[in-house]
Amino acid sequence: MTASDPTDTPAPPAPSAPSAPRRVLLLLWAVTATAYVLDLVSKIAVVAGLEGRAPVRLIGDWLVLRAQRNSGAAFGIGETTTIVFTLVATAVAVTVVRLSRRLVSTSWAIALGLLLGGALGNLTDRLFRAPGNLQGAVVDFIAVHDFSVMNLADWSLTCGCALAVLLSFRNTPLSAAPAPSGS
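Since the structure is predicted, the reported quantities are computational estimates derived from the model, not experimental observations.

**Student:** What am I meant to see in the confidence of the model for the protein here?
**Tutor:** Close reading of the predicted structure is inappropriate where its pLDDT is low. Of the residues in the protein, 79% have a pLDDT of 70 or more, and the chain-wide mean is 85. Across the protein, the element-wise mean pLDDT spans from 87 in helix α2 (residues 82-100) up to 97 in helix α1 (residues 22-49).

Below, the structure is given as structure tokens:
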């Protein structure tokens, strides 16, 4: 066989899903870790210093720190179906981790990092707080006037969802377009 023989040239590699650039993955994990740690530390502080005590008014009745446990979702919805929220948080975490392999957008890395950090924050409460058995009540403490009492995980989830909706409306791609096949 000679060097010009076409049988000597290796076949092009099969197209595969593009992998996430390292810096985008690092951003996703940094946002996730920051959201999760801030939520966890704030809940530990609230349980130690605020639970069982009078609310702390930061801005009159508009912003109050008030410890309460919530076995449901926002606004206390679904308090008897806590396990459903545990399963939803688990599904969100698994989905974000799976999507992270294709991620190329820094904006999406921030949105997904906020979603994952918030989901893990509330999932930690569901797994490890009383009464246990995947039905633990989350620690809420940020009371906004005539609205709801939330925690930092809830705020992270809300901001992540809002950013994801905005990115979707702007048609910001989550991942790179698949490489064209050589056929």
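**Student:** It is not clear to me how the pairing of strand β3 (residues 138-144) should be interpreted in this structure. Could you clarify?
**Tutor:** On a regular strand, each side chain points to the face opposite its neighbour's, so the side chains alternate between the two faces of the sheet. The buried count for β3 comes to six of seven residues, which makes it a mostly enclosed element. Bridge analysis of β3 against strand β4 (residues 148-150) gives three bridges, and the strand direction is antiparallel. Along β4, the bridge assignment pairs Ile-142 with Met-150. As consecutive antiparallel partners, β3 and β4 are separated by three residues, and within that stretch Asp-146 has a phi angle of approximately 50 degrees, a positive value.

**Student:** I tried to follow helix α4 (residues 152-169) on my own but got confused; where do I start?
**Tutor:** Given 3.6 residues per turn, any residue in an α-helix points the same way as the ones three and four places further on. Over its 18 residues, α4 runs 26 Å from end to end, which matches the ideal 26 Å to within 8%, given 1.5 Å per residue. Every buried residue of α4 is listed here: Ala-153, Asp-154, Ser-156, Gly-160, Ala-164 and Leu-167. Buried residues along α4 cover an arc of 160 degrees about the axis, so they all sit on one side. Packed against the buried residues of α4 are α1, α3 (106-128), β3 and β4.

Cut-off values and rules
Residues numbered from 1 in each chain as written. Predicted model: local features only at pLDDT ≥ 70, side-chain atom pairs only at ≥ 80, totals over all residues. Heavy atoms only, no water. pLDDT = per-residue confidence, 0-100. Helix = DSSP H or I, 4+ residues; strand = E, 2+ residues; numbered from the N terminus. Buried < 20%, exposed > 50% of the residue type's maximum accessible area, 1.4 Å probe, protein only. Pairing = 2+ DSSP bridges. Expected span 1.5 Å × (residues − 1). Arc of directions from axis to C-beta. Contact = heavy atoms within 4.5 Å.

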